[in-house]
Structures are given as structure tokens and as C-alpha cells.
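Reading the structure
Listed below are the residues making up each chain.
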Amino acid sequence: MAIDIRRREFIFTLGGAAAAWPLAARAQQPGMPVVGFLRSGTLTDVPHYVTVFRQGLKEAGFVEGQNVAIEYRSDEGQPDRLPLLVADLLRRQVALIVCNTPSTLAAKAATTTVPIVFVTGADPVRDGFVASVNRPGGNVTGISFLTVELAAKRLGLLRELRPGAARIAVLVDPKWPLTERFASEVRAAASAIAQQIEVLYVGSDREIETAFTTLVQRGAGALLIGPGGFLLIQRERIAALAARHRIPAIYVLRDYVAAGGLMSYATNVTDTYRQAGIYAGRILKGEKPGDLPVMLSTKFELVINLKTAKALGLEIPDKLLAADEVIE
């Protein structure tokens, strides 16, 4: 089956303990709990998320292959596959499922009993993941880093970098479940500062090229990249196109800047997966997800790639050079 082949390929790319996973799984003792690790997007693009998740599990007393097994799944950029992947994990009687935003929605629709630990950029109450932050109730809890609500901040940073930009383009992923709310937040933020924007929906390889052609034709002076699994998968290509067209861009994750993008403003998403590992361990020890408060990641980081800035011919203002991280 294609899913299993990709999963095995992914496991062997990680090295270390994960490379031995198939053997450990075959040697799994009866009663060893199984954790489902499910993402919309890919796993091969974010091995660091898996690494820190396992670190969090270890901090909670669980080591993959010794006293816990992990089943890895991803939709490979096809969100409509998520219900089938959730069903597969449930058939395997996993003890809990760790999810990102789209996979949380799929898992929550499929089970009210198997614990779900989310890592999400959504507002978990507003978007129906939990009843409240302090007392989630039900079978769901996790970590939120609130990326949708940062539209105004990201637009402000772009204006500091390019104060003369009459129009700012915004690329969004139509398959990401909260895209319309993100687009609404961006439009409201732009209206508040009288900034013209152009929202472009990008859900395929061809649409990426078309979007860049459109934003250049319409004179966009800067670019904001929205959340979404497809856009994250395409981050190197997007960063390269922004560089080719000499358009400064701000991104919703540090991963884009590491791939050559100009700058990002976001929380440390990598560490949220470590926290998810800790929560998963606590649930494996018997705590109920509904009793574990949703953790809100409130430390946001500005990351700037100076090499990209130089290639774009940009003079970074001193205020922005005081970023949390500067990539030389």
C-alpha cells in the first residue's frame, strides 16, 4: 500500500531510534501503547517536529521502541485522505493521536473517546477543538500558537521593511480549513491601516507560478505567505520565486526562512511538538485530556535571513535587526 511505503521511507530518513522503528514494532510486547502521529502535509519536510516530539515523550518517561510505539501518518498534501488515515489509526487501537490543525478536525470528527493532542495555529475554543482553554473537557487538548491572529503584526513588519509598498500580495492555501478566517483577519488588518492587499489562492504547482505572475503584474511591493500544508511543502520554491522577482516576503513559520525566505514572525512551533510529547506521555500515564489545560504559546520570534535581504538589495532597519534570530 502506498501509504505504508511512504511511512517506511520517512522512518528511515530520520536516523537514530526511528530508523530501528520497524524492527522495534515487530518486537513490540503485548500491552505496549501505540501513539498515532498524524499530519496534514508531509513528514519528510518536518523531521525536526518528530525529533522534538520524541524528546517530549522521553521527558515524560516513554522511549519509542522500548515502552511505546509510534505509528506515523501524513496526507502527503491531500487533506481529503485524512479521514481514511484516522480510521486506519483507530483500527490499530492507538492509545492517542497527535495532530496538526486539519488532522485534528478529522480526528475529532471520528472519535469522542480516543485522546487527541493537537498542535495548532488555530484558536482552539473559537474553532471548536475544546470547550475552554482551562478545562478542555472531552477527549481533546493540546498546544496553540495562534498564527491566524498575527495578520496585523506581519503586515506591520512588511510596512516597516517596505514603507512605500502600495499593494501587498497575500498567498493562501485554499485547502487549509481556516484559510477564510485567516484571509478575513488579513483584510481587516489591512483596512485598519489603509493598506491595499491582493489575496491569491494557491493550491497547486501551476497556481504558484500564476500567483507570482499576477502579483508582479499588479505591482505588489511585498508578500505575505499564509498558513497551510501545501504552502509549507512548497516553501523552497516559494522562497526562490520571491527572490527571482525581488519581492520581500514574510512567512508564518521559521521553516520558510531556513529554506531561504526573508523573514518570519511566529512562535517556536518546533518546541510546541516537544510540549505535545510531554502531554502525550502524561495521558499515557493515565491523565485525562479533558483535565489538561490547553497550553498557549505566547513567545513570538522575529527571524530574518540577512543573506536573502542582501540578495534582494534590502536595507534592513535597525529596529528589525534586533530580531530574535538573524540567519547570516
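Above this text is the structure in question.
Residues numbered from 1 in each chain as written. Predicted model: local features only at pLDDT ≥ 70, side-chain atom pairs only at ≥ 80, totals over all residues. Heavy atoms only, no water.

1. Points about empty space enclosed by the protein
Condition: For each structure, a 1 Å grid was placed over the protein atoms alone; sets of points admitting a 1.4 Å probe that cannot get out are labelled cavities, open sets with protein on both sides within 12 Å along at least five of seven lines are labelled pockets, and lining residues have an atom within 4 Å of a point. Grid points are joined across faces, edges and corners, and a volume is the space filled by probe spheres set on the points. Secondary structure elements are defined from DSSP: runs of H or I of at least 4 residues count as helices, runs of E of at least 2 residues count as strands, and each element is numbered from the N terminus. Each residue is assigned to one class: nonpolar for Ala, Val, Leu, Ile, Met, Phe, Trp, Tyr, Cys and Pro, charged for Asp, Glu, Lys and Arg, and polar for all the others, Gly among them.
With the rule as written, the count across this model stands at 3 cavities of 30 Å³ or more. The calculated volume of the largest cavity comes to roughly 360 Å³. When residues of the lining of the largest cavity are traced back to their parent elements, those giving at least two are α6 (101-110), β4 (116-120), α10 (229-233) and α13 (269-284). For the lining of the largest cavity, the leading source of residues is α10, giving 3 residues. Class assignment for the residues of the lining of the largest cavity results in 14 nonpolar, 11 polar and 4 charged. Each pocket or cavity is described by its volume, and for the second largest cavity that value is around 40 Å³. Every residue along the wall of the second largest cavity is listed here: A239, A242, A243, I247, P248, A249, Y251, G260, G261, L262, T308 and L312. Elements supplying a minimum of two residues to the lining of the second largest cavity: α11 (235-244) and β9 (249-251).

2. A look at the pattern of salt bridges
Think of it this way: side chains of opposite charge can pair up when their charged atoms draw near. What counts here: Salt bridge, as used here, is a side-chain nitrogen of Lys or Arg placed within 4 Å of a carboxyl oxygen of Asp or Glu. Buried, partly exposed and exposed residues are distinguished by accessible area as a fraction of the type maximum, computed with a 1.4 Å probe on protein chains only: under 20%, between the cut-offs, and over 50%, respectively.
One pass over the full model with this rule turns up 21 salt bridges. The residue R126 makes a salt bridge to E185 at a minimum N-O spacing of 3.6 Å. In this pair, R126 sits in the loop between β4 and β5 (140-144) while E185 sits in helix α8 (residues 179-192), placing the two residues 59 residues apart along the sequence. Of the residues examined, E185 reaches a relative accessible area of 22% and is grouped as partly exposed. With its nearest N and O atoms 2.8 Å apart, the salt bridge here joins R274 to D271. Here R274 pairs with D271, and both are found in helix α13, just 3 residues apart, close to one helical turn. Given the relative accessible area of 30%, D271 is considered partly exposed.

3. A short note on the sheet that holds strand β12 (residues 300-305)
Rules: When DSSP finds two or more bridges between two strands, those strands count as paired. Axis definition: a line fitted to C-alpha atoms, over the contacting stretch in the case of helices. Angles run 0 to 180 degrees between N-to-C directions.
In space, the 7 strands of this open sheet follow the order β7-β6-β8-β9-β10-β12-β13, with mixed pairing throughout. A strand with exactly one partner marks an edge of an open sheet, and here the two such strands are β7 (196-201) and β13 (325-327). Between one strand axis and the next, the sheet turns through 20° on average, direction left out of account. Here β9 pairs with strand β10 (residues 263-267) via 2 bridges, running parallel. The partner of I250 across the bridge, within β10, is M263.

4. Quick word on α11
For the record, the criterion: Of all possible arcs, the one meant is that of the directions from the helix axis to the C-beta atoms. The contact definition used throughout considers only heavy atoms, calling two residues in contact when any of these lie within 4.5 Å.
Restricting attention to buried positions, one finds in α11 the residues R235, I238, A239, L241 and A242. For α11, the angular spread of the buried residues around the axis is 160°, confining them to a single face. Residues E236 and R244 are exposed on α11 and point more than 90 degrees away from its buried face. Considering only its buried residues, α11 is in contact with α9 (205-217), β8 (222-225), α10, β9 and α12 (254-258). Count one or two residues on from α11 and you reach R246, which has phi positive near 55°.

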